[in-house]
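Coordinate inspection notes
Okay, here's what each chain looks like letter by letter:
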Amino acid sequence: MTPERMTPGRVCLVTGAGSGIGAAVAGRLAARGHRVATAARSRDALDAVAASIRATTPQAEVLPVTADVTDDGDVEAMYRAVEDRWGPVEVLVAAAGTGFGKALVDTTDEEWRGALELNLTAPFRCLRRALPAMLERRWGRVVVIASVVAKRGEAQVAAYTASKHGVLGLVRSAAAELAATGVTVNAICPGYVDTPMTDHTVRAISARSGRTLAEARDTLARRQPIGRLITTDEVADAVGFCVENGAVTGQGINVDGGAVQS
Ligand SMILES: NC(=O)c1ccc[n+]([C@@H]2O[C@H](COP(=O)([O-])OP(=O)(O)OC[C@H]3O[C@@H](n4cnc5c(N)ncnc54)[C@H](OP(=O)(O)O)[C@@H]3O)[C@@H](O)[C@H]2O)c1
């Protein structure tokens, strides 16, 4: 018997749940019988995700919350909305994020700050806000969607890479600090995943290089040694593992088709 094992009905908050990885994670947690608050800026996207979750899991409890996670006031209001409905957040999945490709020499201060705000500072603020209640209950799960570029450098993505290295540092430090408290903190480090964010990258590569969209997508698929894009379900599987397992903490779990061996 593992006392810290996950029981159904946990209160989960998934940021970036309006599409891609966050939407898949929200669906997975709802299917496992958890209450899932979904956050993003677009209400329409959140409503569409909630409808699709309810279509496959009719008993699902889903709470869409419109929030910009780079805005302090929105983060506070997002937590209040969840607490008012279900009580404190027990599982936080920070998936909101974005990336752009640009040579270092052309990257503006604003783009640099934007990447760090969304990919690094927002997860910090969300984690800090969730912690007091998790510590009081001596149980909590935090999973940040980082990236394979949290582990290695890549050309043309300096701001994104720096933000993802930073957030893995946050995860590792938080896990060390919280190890004895019942709160685990982990990161998932995916390679290229088949999501709208990757569609955007495909369009950018095609525009820059003159390659067709199919050729650009194939270039990204071949970045994974398995020769294809990662699926959102494969990332959701890894998140589920971190949420279920009380002994795994401080890890950056690669879901990258073998790109980084660590
Ligand atoms: N796709 C990949 O290949 C890949 C690989 C490695 C890591 N990742 C990471 O995985 C995470 C999810 O990526 P994805 O591919 O699923 O991207 P996606 O399909 O573009 O989804 C991103 C989600 O984040 C939300 N979001 C963006 N800015 C936000 C903000 N300021 N406040 C609140 N929500 C915000 C978006 O909704 P709104 O625009 O409506 O706010 C959307 O729901 C990101 O952290 C990304 O860096 C992705």
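Since we're looking at a predicted model, the values are computed, not measured.

Another aspect to go through is the pattern of salt bridges. Within this structure, the stated rule accounts for 18 salt bridges. Linking Arg28 and Asp237 is a salt bridge whose minimum nitrogen-to-oxygen distance equals 2.5 Å. In this pair, Arg28 is assigned in helix H1 (residues 20–31) and Asp237 in helix H8 (residues 232–244), connecting sequence segments 209 residues apart. Here Arg217 makes a salt bridge to Asp199, at a shortest N to O gap of 2.3 Å. One end of the pair, Arg217, is in helix H7 (residues 213–221); the other, Asp199, is in helix H6 (residues 196–209), and 18 residues separate them in sequence. Note on Arg217: relative accessible area 28%, which makes it partly exposed. Residue classification places Asp199 among the partly exposed positions, given a relative accessible area of 26%. One salt-bridge network, in which partners are shared between bridges, spans Glu76, Arg80, Glu83 and Arg129.

Now for the site of the ligand. What surrounds the ligand is a group of 29 residues, the closest being Ser19, Arg41, Tyr160, Val193 and Thr195. Gly18 places a polar main-chain atom, nitrogen or oxygen, 3.0 Å from an oxygen atom of the ligand. Between the ligand and Ser42, the relevant distance is 2.9 Å, taken from an oxygen atom to a main-chain nitrogen or oxygen of the residue. Out of a free accessible area of 880 Å², the ligand has 90% covered by protein chains. The set of elements that each furnish at least two residues to the shell around the ligand consists of H1, helix H5 (158–178) and H6. Its residues assigned to classes, the shell around the ligand comprises 16 nonpolar, ten polar and three charged. When residues of the shell around the ligand are assigned to domains, at least three fall in each of domain 1 (11–191 + 234–246) and domain 2 (192–229).

What follows deals with the packing of H6 against H7. At a closest axis distance of 8 Å, the pairing of H6 and H7 adopts a crossing angle of 120°. Like other packed secondary-structure pairs, H6 and H7 cross with a definite hand, here right-handed. Contacts between H6 and H7 involve Thr198, Asp199, Thr201, Val202, Arg203, Ile205 and Ser206 on the former and, on the latter, Leu213, Ala216, Arg217 and Leu220. Of the residues contributing to the contact of H6 with H7, the split by class is five nonpolar, three polar and three charged.

On to the domain arrangement of the protein chain, then. Looking at the protein chain, the domain boundaries give domain 1 (11–191 + 234–246) and domain 2 (192–229). On a C-alpha basis, the centroid separation for the pair domain 1 and domain 2 is 24 Å. Each partner contributes residues to the interface: domain 1 has twelve residues there, and domain 2 has nine residues. Here domain 1 and domain 2 share an interface that buries about 750 Å² over both sides, 56% of which is from carbon and sulfur atoms. Counting the surface domain 1 buries against domain 2, the share from its top three residues, Glu154, Gly191 and Glu234, is 41%. On inspection of domain 1 and its partner domain 2, the count reaches two salt bridges.

Counting buried positions over the eight residues of strand S6 (residues 183–190) gives eight, a clear majority of the element. Here strand S5 (residues 140–145) runs beside S6; their pairing, made up of six bridges, is parallel. In the sheet register, Ile145 faces S6, and the bridge partner there is Ile188. Handedness of the crossover joining S5 and S6 through H5: right-handed. Where S6 meets strand S7 (residues 252–255), four bridges bridge the pair, whose relative direction is parallel. The residue of S7 that forms the bridge with Cys189 is Asn254.

Now for the pairing of S5. Looking along a regular strand, one sees the side chains alternate between the two faces of the sheet. Burial of S5 is extensive: six of the six residues sit out of reach of the surface. Taking every second residue as pointing to the same face, both faces of S5 are buried, with Gly140, Val142 and Val144 on one and Arg141, Val143 and Ile145 on the other. Here four bridges tie strand S4 (residues 91–94) to S5, and the two strands are oriented parallel to one another. Pairing of Val93 across the sheet is with Val143, part of S5. The β-α-β motif built from S4, the intervening helix H4 (residues 109–137) and the parallel element S5 has right-handed crossover chirality.

Here is what the cut-offs are and how they apply
Residues numbered from 1 in each chain as written. Predicted model: local features only at pLDDT ≥ 70, side-chain atom pairs only at ≥ 80, totals over all residues. Heavy atoms only, no water. Salt bridge = Lys/Arg side-chain N within 4 Å of Asp/Glu carboxyl O. Helix = DSSP H or I, 4+ residues; strand = E, 2+ residues; numbered from the N terminus. Buried < 20%, exposed > 50% of the residue type's maximum accessible area, 1.4 Å probe, protein only. Near = heavy atom within 4 Å. Polar contact = N/O pair within 3.5 Å; in protein donor to acceptor, adjacent residues only side chain to side chain. Areas by Shrake-Rupley, 256 points an atom, 1.4 Å probe, with all protein chains shown as cover. Nonpolar A, V, L, I, M, F, W, Y, C, P; charged D, E, K, R; others polar. Domains from an automatic or database assignment. Axes fitted to C-alpha atoms, helices over the stretch in contact; angles between N-to-C directions. Left-handed = near helix turned anticlockwise from the far one by under 90°. Contact = heavy atoms within 4.5 Å. Buried area = accessible area lost by both parts, 1.4 Å probe. Pairing = 2+ DSSP bridges. Right-handed = clockwise from strand over helix to strand, strands pointing away.

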